[in-house]
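# Overview (structure and organization)
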Amino acid sequence: MAKRVFELSEIRRYLPTKIALAARLPPGIRAELLRPKVALAMPKGAGYVGTYAPIQLKIDPSSGLTLDDLDFVVAAGPAGGLVSRSQERAALPSRPTVMLLHGYQPGVHVLEVRHHGTGVVLTRRKFVVTDQWNDDVNGPNLWFSGVVATPTVAPTWGGGPGTAQNFATVPATGNRRIAIVLVDTSDQRYTTTAATLTGFQTRWQQNAFTGVVGADGVSRSTAAFYNEVSYGNLTVSGTVFATVVNLPNGWSSYFQVDPRNGAWQAKNEFVNQVVTQANSQSTAANPFDLTGFDMVVCVTQAVTPAVGAAKVAWPYGGYGVNSATAFGTVSGRGISMPNEWGDGSANDQGGGRTIFQTLAHEMGHTLNLPDLYTPSVAGRNVGGWDPMDAEGPFPHFTLAHRMMLGWIPAGWLRLYNFQALGTSVDETITLAPIEAGAPPAGRFGGAEIRVGDGRNYYLEYRIGQAAQIGDRALPTPSRVVMTDVSQPPDPPVISRPTILLVAQHADDQGAVLGAGNLYHEVDSTSPTFPTDFQVDVVAIDGTRADVRIRYQVIGKPDPSIRPWPRDAANQWQSPDIEVSNARSVADPATYANVPWQGHVNTVTATVTNRGTLAAPGVRVDFAVKDYTIGGAPETSIGSDTQPIGPGATATFTTTWTPPAPAASDPPQHYCVVARVAAYQTPTTPPVLEMTDANNLAQSNYARFISASSSPPSREVTWITVGNPFEEPTCVYLDAGQDNPLYRTYLEHRWLVLEPGELRTVRAMFEFAPDGAVRGAKDQRDLERHLTQPVRVRMLGRIADPRDPRPHGTMAMAGIDAVISHGRGTRVTDFDHAGPDQVAGKVERADGKAVDRGVVLIHFQRDAKDQRADDGYVSADLDGDGRFAARAPHGWTAATAYYLPADGLADSTSPTITPRAHGTPEQQQRPKG
């Protein structure tokens, strides 16, 4: 951190204190005089690596010391930890609490408290850092600073009437780096025979990267598979580390038996513990640098006792990784796999599956793809048509997955949007094999058939290509495959897999069609029903499939509201929900779409009728719930009803006044929900809407300013996390940030929740330039970060407890928080300034005038007054930081809010009321 420069006025504050006088005394007498003046209430027990714990200070009042006078130094540096001096806004200056940030090196460390002006050590305390976590229900807390990769899941179907949906919702392009680390426990170490150990590492190197040559002479690997299935858009590279990570404890410290199936499963902190131990074993000659890897694959040595069953870990690909090391922060996703997988030994649980097949499936989880085999839907799970259902046959991903991963250009697809058509469709298209890449002119790689926003059918022609390693063992080769894809928020994570085969009916052949086969669906809800949708495969010859598609005029309404994302920066807000208030009108650059507690907010939902039939009487219900990653209960805030013509858009509004926080509480943050009520026309017979899959949208809102006073403030919020399943399961919280000058705290990395259980997780944010200043590339780099807020992104992932062999997670929902920093400010001298005016001043915490920004004054009036309504008046600041505004007639209370300019923090005045002898207006009225 840059050396602190004192102004003369600051230095003088220290001169009368005993500290300054003691600096002139001999060292022994000085230490004896000063040591008792500061006491620390240290946390009990050892602190887990990468966690935080509060330390309350007790400062002898007679010393004249304040928190500003103290420096906190961990002798071992970042390896042992750091101390944050930031204070929550509700903290009492007389009882300051600092935060001990445990480092990455287990062991005993020393914390010193030094006098800032003289360097005198006031007190010294030991603390212990450990890499053992013994709570299997409540995950450890977490702190991180610097730039940490943010989890990216564009969680909506996107698209519009003329564009395809499901494009790049979980983008995976460029290069993914995999670290493969051999890991053992004290119960059984890997062999010390060099040739055997090298053989293990070579086997993983070949399966993951360079290729395993089979009996057929074909080389296969996970890297080759992803390069092939992504058309070269995703490459996989990495390292198999030569050094084995020796965990210090026995097997049961890191693995547990899943009571549902009796399989051994790595505990939730396993991968982070491996990263910590790898860092501890790192040497200059043999560095163990795991930074920059997107995935860490921990390959475990089984424990084979002389008597009894072997202990072999079942593969799992759902762990979050966020661990500080001497090389930097290791983030991304973790995979646990046994070394014996697919080796044919007695400990091989693979059932014929190879490393490269299962690693491809587990890597799919790290790309945020869920399992497709659960929950089971009779006859409709995709099976061997996608590796997220069955990796053994080594199939390519389905068309929809390739689209979600960003591998399919829009030009490859033929789009059918029957919602927007006014005429019947009867046309024949030609599909090229999707495995072959770009289709020739006049042909398509697939077809998207819009059932409703967020719900689509997809057609693709699947036949493995001779030069490829995937799709060579399809359930039935050379077939047109038809899938039914429904994206969140429809369905909820517990209702059905995202991708299913379409249903089979009595008069068709279902989802897998050869020449002469058809799929037929009757829509009996159209006003002119029955309306037929039919797909016929006319011909297939191995290089093409001719497909006839027929559909009659739809004639339905379809009121639709889009879920998240709003845009790339606001992934967890809907583009069709807007919150406005007096503050956002006065300062849209800072407060646009940010709710204001204690004030009237207008919530607006934009709904479009994407059907061809008018929709009179559409109702939108509005609700709010806690800032949430899933599961929080809703509270209604009103509804609105409007008609919407075919293809037209209407706005629906309600007002909402969230309660003002208590003076000692941080602001509350919310999730706003807009739900289109299930719709049918008020006719005889009624016509049902096209689909209810596009009737729900919600937005999470959170904005903070970490005020730089002395020290910067720590901002606090709470996140609600829920379990929607009827069985206990684990929810994981991934988090990252994009600005190195800030620090984020999270109360739990993961939680095991009971059925339907809701938990509140505390999150905190602060401006924390310590360390980042040293790490800045240059002054311009530092200034760029200083002028930009940080965006903290969190993603909730959940394990499906219905899976008979749990081994992965699926995305639930997420939140974004925007935190900026600015010098602390205060509104002073706010009072009456004449018969009809109020006035005040805005100054920095150091007393200097603020001449930028806007003051918004809220005047409240008597509810009995027929003209009573709350009014807001904006006032500009002059060069001395002063402002004034005319008070309206009948006002009963006034509060001034400073809306800050860049580099400053907001502040609020005390509330004032009219003087007892009458309002300013009354004083000006003539008597009699």
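Just above, that's the structure.
Report follows, based on the coordinates.

Cut-offs used in this document
- Residues numbered from 1 in each chain as written.
- Predicted model: local features only at pLDDT ≥ 70, side-chain atom pairs only at ≥ 80, totals over all residues.
- Heavy atoms only, no water.
- Helix = DSSP H or I, 4+ residues; strand = E, 2+ residues; numbered from the N terminus.
- Buried < 20%, exposed > 50% of the residue type's maximum accessible area, 1.4 Å probe, protein only.
- Contact = heavy atoms within 4.5 Å.
- Areas by Shrake-Rupley, 256 points an atom, 1.4 Å probe, with all protein chains shown as cover.
- Pairing = 2+ DSSP bridges.
- Phe/Tyr/Trp six-rings, centres within 6.5 Å; stacked < 30°, edge-to-face > 60°.
- Lys NZ or Arg CZ within 6 Å of the ring centre and 35° of its normal.
- Salt bridge = Lys/Arg side-chain N within 4 Å of Asp/Glu carboxyl O.
- Axes fitted to C-alpha atoms, helices over the stretch in contact; angles between N-to-C directions.
- Parallel < 35°, antiparallel > 145°, perpendicular 65-115°, else oblique.
- Left-handed = near helix turned anticlockwise from the far one by under 90°.
- Polar contact = N/O pair within 3.5 Å; in protein donor to acceptor, adjacent residues only side chain to side chain.
- Arc of directions from axis to C-beta.
- Core = buried A, V, L, I, M, F, W, Y, C linked by side-chain atoms within 4.5 Å.
- Nonpolar A, V, L, I, M, F, W, Y, C, P; charged D, E, K, R; others polar.

### A look at the overall build of the chain
A count of helices and strands for the chain gives 13 helices and 54 strands. When each of the 928 residues of the chain is scored for burial, the buried share is 54%. Sequence separation of at least 24 residues holds for 70% of the intrachain contacts in the chain that already meet a minimum separation of 6. With the model as given, the accessible surface of the chain reaches about 36600 Å², and the carbon-plus-sulfur share is 52%.

### Observations regarding the sheet that holds strand 2 (residues 47-48)
Spatial strand order, 2-9-8-4: four strands in an open sheet with mixed pairing. Each edge of the open sheet is held by one strand with a lone partner, namely strand 2 and strand 4 (70-74). As judged from the eight bridges shared by strand 8 (residues 107-115) and strand 9 (residues 121-130), these two strands associate in the antiparallel manner. Within strand 9, the position partnered with Leu-111 by the bridge is Arg-125.

### Looking at the packing of aromatic side chains
Overall, the coordinates contain 29 aromatic pairs when judged by the stated rule. Arranged with centres 6.1 Å apart and planes meeting at 55 degrees, the rings of Tyr-190 and Phe-200 form a pair that is tilted. Here Tyr-190, found in the loop between strand 11 (174-184) and helix 4 (194-210), pairs with Phe-200, found in helix 4; they are ten residues apart in sequence, far enough to count as distant. Following the ring pairs from residue to residue traces out a cluster consisting of Phe-225, Tyr-226, Phe-356, Phe-394, Phe-397 and Trp-407. One residue, Arg-177, lies across the ring of Phe-293, its end atom 4.0 Å from the ring centre.

### A short note on the pairing of strand 8
Of the pairings in the sheet, the one linking strand 4 to strand 8 comprises five bridges and is antiparallel in character. For Val-73, the partnering residue across the bridge sits in strand 8 and is Glu-112. If you look at the hairpin formed by strand 8 and strand 9, you'll find five residues sitting between the two strands, and Gly-119 has a positive phi there, around 80 degrees.

### Quick word on the pattern of salt bridges
By the definition in use, this model includes 33 salt bridges. Among the ionic pairs, Asp-426 bridges to Arg-548, the shortest N-O distance being 2.8 Å. Of this pair, Asp-426 sits in strand 22 (residues 425-431) while Arg-548 sits in strand 30 (residues 545-551), placing them 122 residues apart in sequence. Taking the relative accessible area as the measure of exposure, Asp-426 reaches 48% and is therefore partly exposed. On the basis of relative accessible area, Arg-548 is assigned to the partly exposed category, the value being 28%. Within this structure, Arg-380, Arg-455, Asp-484 and Arg-496 form a network of salt bridges that share partners.

### As for the sheet that holds strand 50 (residues 854-861)
Spatially, 51-50-53-54 is the arrangement adopted by the four strands of the open sheet, whose pairing is antiparallel. Looking along the sheet, the strands with just one partner apiece sit at the ends: strand 51 (871-876) and strand 54 (907-908). In this structure, strand 50 lies alongside strand 51, joined through six bridges in antiparallel fashion. Directly across from Leu-856, in strand 51, lies its bridge partner Ser-874.

### Quick word on the packing of helix 5 (residues 222-229) against helix 7 (residues 355-366)
Remark: helix 5 packs on helix 7, axes separated minimally by 8 Å, with the N-to-C direction vectors making an angle of 55 degrees. Classified by the interaxial angle, the pair formed by helix 5 and helix 7 is oblique. Along this stretch, helix 5 crosses helix 7, giving a crossing that reads as right-handed. Residue-level inspection shows Thr-222, Phe-225 and Tyr-226 of helix 5 in contact with helix 7, the latter providing Ile-355, Phe-356, Leu-359, Ala-360, Met-363 and Gly-364.

### A word on the side chain of His-832
Within the secondary structure, His-832 is located in strand 48 (residues 825-832). Judged by relative accessible area, His-832 falls into the buried class, the value being 14%. For His-832, the side chain forms a polar contact with the main-chain oxygen of Thr-913, separated by 3.0 Å.

### With respect to helix 4
Owing to its 3.6 residues per turn, the α-helix brings residues three or four apart onto one side. Among the residues making up helix 4, those that are buried are Leu-197, Gln-201, Trp-204, Asn-207, Ala-208 and Phe-209. Down the axis of helix 4, the smallest arc covering the buried residues is 165 degrees, so these residues share one side. Away from its buried face, by an angle of more than 90 degrees, helix 4 presents the exposed residues Ala-195 and Thr-210. One or two steps after helix 4, the chain reaches Gly-211, where phi turns positive at roughly 115 degrees.

### Topic: the nonpolar core
Inside soluble globular proteins, nonpolar side chains tend to come together where they are buried. Ranked by internal contacts, the top residues of the largest apolar core, which has 81 residues, are Ile-180, Tyr-226, Phe-397, Leu-459, Val-480, Phe-533 and Val-535. Looking at this core, the element that brings in the most residues is helix 7, giving five residues. Those residues in contact with Val-480 that lie beyond four places of it in its chain are Leu-431, Leu-459, Glu-460, Tyr-461, Ala-511, Val-512, Leu-513, Val-537, Ile-540, Ala-545 and Val-547.

### Section: the packing of helix 4 against helix 7
The geometry of helix 4 relative to helix 7 is characterised by a closest axis approach of 8 Å and an angle of 60 degrees between their N-to-C directions. One finds that helix 4 runs oblique with respect to helix 7. In this structure, helix 4 meets helix 7 at a crossing whose hand is right-handed. Facing helix 4, whose interface residues are Arg-203, Trp-204, Asn-207 and Ala-208, helix 7 presents Ile-355, Phe-356 and Leu-359. Taken together, the residues that form the contact of helix 4 with helix 7 break down as five nonpolar, one polar and one charged.

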